[in-house]
Amino acid sequence: MEFADLIKTPKLDGVFLHTNAANATVEGTLCITGHHLLLSARQENTQELWLLHKNIDCVEKKPSMGQNIVMGGIITLKCKDLRIISLEIKYAKDFFNVAASLEALSAIQNPELDYPFFYRPMYSILEDGFTMFRPELEFAQLISGMSMGGASSPNVANISICMPSTSAVGCSSSSTSSIPHPLQNGFALDAAAALVGSSVSACEWRISHVNKDFGVCATYGATLIVPKAISDEQIALSAAFRDGGRFPLLSYRHENGATLMRSAQPLSIQGIKRCRADEAILNLVLGRSKKGFIVDTWGKGKSNTETDLHYSQWKKVNRSIGNVSYPASILDSFAKLIEACNDTGCSTDKWLSRLENSGWLSLVLNSLNASCVVAQCLDQEGSPVLVHGAKGLDSTLIVTSLVQIILNPDCRTVRGLQALIEREWIQAGHPFASRHRYSCYTPHQMRNKNSGATFVLFLDCIYQLYMQFPCSFEFSTQLLILLFEHSYFSQYGTFLCDSERERHELQVHTRTTSLWSYLNRPDVLQTLLNPLYEPNASVIWPSVAPISLELWSELYLRWVIDQRNLATTMAQIQELVTREKELRSQAFKLRKQAMELSLEIGAHGNDVDNA
């Protein structure tokens, strides 16, 4: 298929642009390409439109009638970035041609025709984002208790990396010390012990390639971290016991040694009530702990859970994030929220009622609540936790990710957040392509059950943590908004496809550019930093009282309410912080000069006395 076959009117003059972000109307030339919709007035200081077709969520047509004849009309584009754009076209033929072209181009489902496979950056790639957060690196740091931040992190600069089943001789170690990598030869050593020479016992984890052909679990990656004492055969048996093959997998190791794992719920198969291999995995994770916790995020009675008889040392905890029977329910709630946000004419009472009825803030609250429960089990009880909910692709990932942001200060940095998303969402198999195929503007009856807004809910939860601890995050909320946008439509390949298997088949890592490569460019990174950031190594315990929640107006209302005042305020804060740093530097220099003068005066006085 050629893009030209879908574009019936590639260029059209005299098109009027109306948006919900401004009251002004712009007349210009409309151009339709294979991936973009462009509108330019060809005048300075006028609004222009540059829109990816992938951003279009819904196309609505309103023809203009005259004497029962279509004279033209208005095409309304409702976008995944929450914008609403109207194009006013004068003539009927052009009106229908443009509408048909945009409907066809925005509905293309062949991922190889997406823009990331055609985009070529105009800047040099300083870091390859696809290799920055390799599982071998991330989980080596995870199990050793060090910070996670990619290969370029100073924390791992002096540790040579060896792939499993190879000797250390084959590693590049010209610029590194003789310290063995924590995952050398397929078995995990305690990196902290290696670094300080302590007598800490060897870590009980190893790298496994049992899923190298994605046959054990289609949604997991090819490189997995598993207990050292568990064989690949046992892993395959455990996978057969769990929905989608998602057996218990290491997600996070807390500084006190307590481990966080995630999985899918057990399958409901008649005659099969237990799996000894699955039980063995969880019993090994217990270690010296007398008990562990299994947290079900799907809700009591909705999902299958482990039997008390065969998992006697594991306490079951139900922490449902809401009345979510399938992922599309989260999108339904999100759609109701945005519908309420776009209704600027309703009364205060009606607005508050619609906000409550959307159920969105309840999902946020319940997600934070479940995450705090898990974090307390790890941090205060020192007990291992297994989190699951249905297939383990949605609510499970929200909770395991938020737990790490609460407990691990590194996840509150720019690179730490990127590593977390790569580890807990992308490599963990969250189906971004299916979940984000439709967004909140697509009519309910046109969405499929695989649609969702789980990642948006996760970002909103981070926003709530940010608002309660505004000085503990290295990044600003602008990074969260960028992640929201790029997860739906992007020139980068980071969020493409549903799983690592699909990305491998399409060679995404070699044929596209990574979003992380762009965000970590110094000039871009500078715009995403929080001017109020002060590194905070402590655990951050958020308030989960309903009164503590805030509507994320910076995202949900940005096309409804003018955000320029907020931008101005942030610029002023940045100026004040910069000025404070300058004054601190000057004060330090003056104190140093004063001390030097004092010493000179003292020395001169001694010379006078001696004379």
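For the structure itself, look to the data block above.
A quick note: this is a predicted structure, and the numbers were derived from the prediction, not measured.

**Q** Just checking my understanding: could you explain the overall build of the chain for this structure?
**A** In terms of regular secondary structure, the chain is built from 20 helices and 14 strands. Within the chain, buried positions represent 53% of all 611 residues. Residue pairs in contact within the chain that sit at least 24 positions apart in sequence constitute 65% of those at least 6 positions apart. Approximately 28200 Å² of the chain is accessible, and the part contributed by carbon and sulfur atoms is 52%.

**Q** How do you make sense of the side chain of S476 when you look at a structure like this?
**A** Within the element layout of this structure, S476 appears in the loop between helix 13 (454-468) and helix 14 (477-488). Judged by relative accessible area, which is 8%, S476 ranks as buried. Contacts of S476, omitting those with residues within four sequence positions, involve Y466, T527, L528, L529 and N530.

**Q** Sorry, what's going on with the packing of helix 9 (residues 360-379) against helix 13 here?
**A** The relative placement of two packed helices is expressed as an angle between their axes plus a distance between the axes. It is at 10 Å that the axes of helix 9 and helix 13 come closest, and there the two elements cross at 70°. For the element pair helix 9 / helix 13, the angle class is roughly perpendicular. Here W360, L363, V364, S367 and L368 of helix 9 lie close against helix 13, whose contacting residues are V456, L457, D460, C461, Q464 and L465. For the contact of helix 9 with helix 13, the per-class residue count stands at 8 nonpolar, 2 polar and 1 charged.

**Q** I tried to follow the pattern of salt bridges on my own but got confused; where do I start?
**A** Oppositely charged side chains are able to pair whenever their charged atoms sit close together. Per the stated rule, a full pass over the model turns up 22 salt bridges. Note that E127 is salt-bridged to R415, the shortest N-O span being 2.5 Å. With E127 in the loop between helix 1 (92-106) and helix 2 (129-132) and R415 in helix 11 (residues 414-426), the pair connects residues that are 288 residues apart, well separated along the chain. Between E582 and R579 there is a salt bridge, with its nearest N and O atoms 3.5 Å apart. Of this pair, E582 and R579 both sit in helix 20 (residues 564-610), separated by 3 residues, roughly a single helical turn. Salt bridges sharing common partners tie together R242, D278 and E306.

**Q** What am I meant to see in a nonpolar patch on the surface here?
**A** Together, L267, I269 and I272 line one region of the surface with nonpolar side chains, adding up to about 230 Å² of accessible area. By the secondary structure assignment, I269 is in the loop between strand 11 (259-263) and helix 6 (276-286).

**Q** In this structure, what is going on with the sheet that holds strand 10 (residues 249-253)? I would like to understand it.
**A** Sheet strands pair by backbone hydrogen bonding; their relative direction is either parallel or antiparallel. Taking strand neighbours across the sheet as the criterion, the 5 strands line up as 10-11-14-12-13 in an open arrangement whose pairing is mixed. Looking at which strands have only one partner, the edges of the open sheet turn out to be strand 10 and strand 13 (314-318). With strand direction ignored, the average angle separating the axes of adjacent strands in the sheet is 25°. As paired elements, strand 11 and strand 14 (residues 385-388) share 4 bridges and run parallel to each other. By the bridge assignment, M261 is partnered in strand 14 with L386. Lying on the sheet, helix 10 (residues 395-407) is in contact with strand 10, strand 11 and strand 14; it crosses strand 11 at an angle near 165°.

**Q** Any chance you could explain helix 8 (residues 348-358) here in plain terms?
**A** Because each turn of an α-helix spans 3.6 residues, side chains separated by three or four positions end up pointing in the same direction. Listing the buried residues of helix 8 in full gives R354, L355 and S358. The arc enclosing the buried residues of helix 8, seen along the axis, measures out at 100°, which places them on a common side. Along helix 8, the residues that are exposed and aim more than 90 degrees away from the buried face are D349, E356 and N357. At the C-terminal side of helix 8, G359 shows a positive phi close to 75°.

**Q** Looking at this structure, I do not really get the packing of helix 9 against helix 10. What am I missing?
**A** Helix 10 packs onto helix 9 with a crossing angle of 60° between their chain directions and a minimal axis gap of 8 Å. Judged on the interaxial angle alone, helix 10 and helix 9 are oblique. Our pair here, helix 9 against helix 10, has a crossing hand that is right-handed. Residues S367, L368, A370, S371, C372, V374, A375, L378 and D379 of helix 9 form the contact with helix 10, whose own contacting residues are I398, V399, L402, V403, I406 and L407. Split by residue class, the contact of helix 9 with helix 10 holds 12 nonpolar, 2 polar and 1 charged.

**Q** What should I look at first to understand helix 1 in this one?
**A** Along its 15 residues, helix 1 runs 21 Å from first to last C-alpha, staying within 8% of the 21 Å computed at 1.5 Å per residue. Of all the residues in helix 1, the buried ones are D94, F95, N97, V98, A99, S101, L102, L105 and S106.

**Q** How do you make sense of unusual backbone geometry when you look at a structure like this?
**A** The general pattern is negative phi for most residues beyond glycine and trans for most peptide bonds. At C497, a residue that is not glycine, the phi angle is positive and equals roughly 70°. For Q507, which is not a glycine, the phi torsion comes out positive at approximately 55°. Its location among the elements puts Q507 in the loop between helix 15 (500-505) and helix 16 (508-511).

**Q** Explain the packing of aromatic side chains here, please?
**A** Here the distance between the centres and the angle between the planes together describe a pair of aromatic rings. As enumerated under the stated definition, the model contains 21 aromatic pairs in all. Relative to F455, the ring of F432 lies with its centre 5.2 Å away and its plane at 75°, an arrangement referred to as edge-to-face. Placement of F432 in helix 12 (residues 432-435) and of F455 in helix 13 is noted, with a sequence separation of 23 residues between them. As far as the burial class goes, F432 and F455 line up, both buried. Connected via pairs of aromatic rings, a cluster forms that spans W425, F432, F455, F458, F495 and W516.

**Q** Which parts of the structure should I look at to understand the nonpolar core?
**A** The nonpolar side chains of soluble globular proteins are, as a tendency, buried together. Judged by nonpolar contacts, the single largest core of 92 residues is most densely connected at F334, F458 and Y556. Among the elements that line this core, the one with the most residues is helix 9, at 12 residues. No fewer than three residues from each of domain 1 (3-108) and domain 2 (135-147 + 202-561) sit in this core. If sequence neighbours within four positions are ignored, F458 has contacts with I398, S401, L402, I405, L420, I421 and W425.

**Q** Looking at this structure, I do not really get the pairing of strand 7 (residues 84-89). What am I missing?
**A** Each regular strand displays side chains that alternate between the two surfaces of the sheet. Taken across its 6 residues, strand 7 has 5 buried, putting it largely inside the fold. In terms of strand pairing, strand 1 (residues 11-19) meets strand 7 through 4 bridges, oriented antiparallel. Residue L17 lies in a different strand from strand 7, and its bridge partner there is L87. Bridge count for strand 6 (residues 69-79) against strand 7 is 6 bridges, and the pairing is antiparallel. Along strand 7, the bridge assignment pairs K78 with I84. With antiparallel pairing between neighbouring strands as the criterion, strand 6 and strand 7 make up a hairpin whose turn holds 4 residues, including L82 at a positive phi of roughly 85°.

**Q** Which parts of the structure should I look at to understand the environment of Q574?
**A** By the element assignment, Q574 lies in helix 20. Taking relative accessible area as the criterion, Q574 reaches 32% and is therefore assigned partly exposed. Separated by 43 residues in the primary sequence, Q574 and P531 have C-alpha atoms spaced 5.6 Å apart.

**Q** In this structure, what is going on with the environment of R42? I would like to understand it.
**A** Position of R42 among the secondary structure elements: in the loop between strand 3 (36-40) and strand 4 (49-52). Overall, the relative accessible area of 62% leaves R42 in the exposed class. Those residues in contact with R42 that sit more than four places away from it in its chain are K11, T29 and E48.

What counts, and where the lines are drawn
Residues numbered from 1 in each chain as written. Predicted model: local features only at pLDDT ≥ 70, side-chain atom pairs only at ≥ 80, totals over all residues. Heavy atoms only, no water. Helix = DSSP H or I, 4+ residues; strand = E, 2+ residues; numbered from the N terminus. Buried < 20%, exposed > 50% of the residue type's maximum accessible area, 1.4 Å probe, protein only. Contact = heavy atoms within 4.5 Å. Areas by Shrake-Rupley, 256 points an atom, 1.4 Å probe, with all protein chains shown as cover. Axes fitted to C-alpha atoms, helices over the stretch in contact; angles between N-to-C directions. Parallel < 35°, antiparallel > 145°, perpendicular 65-115°, else oblique. Nonpolar A, V, L, I, M, F, W, Y, C, P; charged D, E, K, R; others polar. Salt bridge = Lys/Arg side-chain N within 4 Å of Asp/Glu carboxyl O. Patch = residues over 30% accessible without salt bridge, like charges linked within 9 Å, V, L, I, M, F, W, Y side chains within 5 Å. Pairing = 2+ DSSP bridges. Arc of directions from axis to C-beta. Left-handed = near helix turned anticlockwise from the far one by under 90°. Expected span 1.5 Å × (residues − 1). Phe/Tyr/Trp six-rings, centres within 6.5 Å; stacked < 30°, edge-to-face > 60°. Core = buried A, V, L, I, M, F, W, Y, C linked by side-chain atoms within 4.5 Å. Domains from an automatic or database assignment.

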